[in-house]
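An overview of the molecular structure
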Amino acid sequence: MSSNVRFTDFKSDKQPTWCPGCGDFGTMNGMMKALAETGNDPDNTFVVAGIGCSGKIGTYMRSYALHGVHGRALPVGTGVKIANPELEVMVAGGDGDGYSIGAGHFVHAVRRNVDMTYVVMDNRIYGLTKGQFSPTSREDFETSTSPDGTNQQPVNPLALALAAGGTFIAQSFSSDSQRHAQIVQEAIEHDGFGFVNVYSPCVTFNDVDTYDYFRDTIVDVGDEEFDHDRTDYDDAKDLILDRDKEYQGVIYQDESSVGYETREGVEEPMTDIPDGAPEDAMDLVREFY
């Protein structure tokens, strides 16, 4: 941990190939600012990403990183954190990566409550594969794979997280840079699984869920006049199930949360492997062969 780290220290020398104006730029900048503000540095940070536009983020951030396969970033992040609790682990994904093929891993990662942060860049479309509808696309959203609309209710990721026993559930907007970075910082500081769904507009394939749309419709639950108690489960549930508004802020937080590794006594890194096979290991192998 260091108090002298700047968010630019997390920038790699690789230039992003995202489309100009992509919301993922703002999402990544907020992640780097949050890491710096919490005293982390590249040498103690591990970023795991899956497939999709979001999957490139580990290349653009200077830290330990792994670019995994589709929908499998969370189990990798869980393994990294359990193997070395001293690392700050941040998992990045997209709505397709996290809420479609990765939905099962998402639910179980939430309920395990390992002390890591999951940031999802939700642009409500598959951008990397050229504009198909995603799990969070609107019911009437017309794309190449849904010319008459999807005719399906969009997945509600915050509801999934709450139902799975989430202890930190938040939402942010990539263009609201200061607020976004603040929310991600709170997720990092939370003792347990910090989940942030980020409105991250796709300027190339989604002309519905645009920057202007979110600027006009977002309601920030952190505003004093809103009077939201983030520790009130029922209050959080009402907001999460309200499909008529787009909310930003920390929707729910269990302040008594204790991370999995602390609860289970996993305190020391398991990176030092002793020489040679464990005693009686060969006897065990012979038993099955």
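Each helix and strand in the chain was counted, giving 11 helices and 8 strands. In summary, the chain has a C-alpha radius of gyration of 20 Å against a globular reference of 19 Å for 289 residues, a match within 12%. Oriented by its inertia axes, the alpha-carbon framework of the chain measures out at about 65 × 45 × 40 Å. Intrachain contacts of the chain at a sequence separation of at least 6 include 71% that bridge at least 24 residues. Surface accessibility of the chain: about 14,100 Å² in total, with carbon and sulfur atoms responsible for 48%.

This part covers the packing of aromatic side chains. Evaluated as defined, the whole model comprises 14 aromatic pairs. Considering the side-chain rings of Phe-46 and Tyr-64, the 6.5 Å spacing of their centres and the 20 degrees angle between planes classify their relative orientation as stacked. Taken together, the residues span a long stretch of sequence, with Phe-46 in strand E1 (residues 45-49) and Tyr-64 in strand E2 (residues 64-67) at a distance of 18 residues. Relative accessible area serves as the criterion here: at 15%, Phe-46 is assigned to the buried category. Among the residues examined, Tyr-64 registers a relative accessible area of 46% and is labelled partly exposed. Measuring from ring centre to ring centre gives 5.0 Å for Tyr-213 and Phe-214, while their planes differ by 65 degrees; the resulting arrangement is edge-to-face. These aromatic residues form a ring-pair network of at least three members: Tyr-99, Phe-106, Tyr-118, Phe-193 and Phe-195. Between the NZ or CZ atom of Lys-33 and the centre of the ring of Phe-7, over which it lies, the distance is 5.4 Å. Sitting over the face of the ring of Tyr-213, Arg-138 holds its NZ or CZ atom 4.7 Å from the ring centroid.

About the thresholds
Throughout, residues of each chain are indexed from 1 in the direction in which the sequence is written. Confidence filtering applies because this is a predicted model: local features only for residues at pLDDT of at least 70, side-chain atom pairs given and counted only at 80 or more, and all residues used for totals across whole chains, interfaces and linings. Only hydrogens and water are removed before side-chain values are computed, so all heavy atoms of the structure are retained for them. Each helix is a run of H or I in the DSSP string that is no shorter than four residues. Each strand is a run of E no shorter than two, and both are numbered from the N terminus. A radius of gyration in this sense is built from C-alpha atoms; the matching globule rule multiplies 2.2 Å by the number of residues raised to 0.38. Contacts are assigned to residue pairs with any non-hydrogen atoms lying within 4.5 Å of each other. To be clear on the numbers: accessible area is Shrake-Rupley with a 1.4 Å probe, and residue cover counts the displayed protein chains and nothing else. The aromatic pairing rule takes the rings of Phe, Tyr and Trp, using the six-membered ring of Trp, and pairs them if the centres are within 6.5 Å, calling planes under 30 degrees apart stacked, those over 60 edge-to-face and the rest tilted. Here's how the labels work: a residue is buried when its accessible area is under 20% of the maximum for its type, exposed when over 50%, partly exposed in between, all with a 1.4 Å probe on protein chains only. We call a charge positioned above a ring when the Lys NZ or Arg CZ atom is no farther than 6 Å from the ring centre and deviates by at most 35 degrees from the ring normal.

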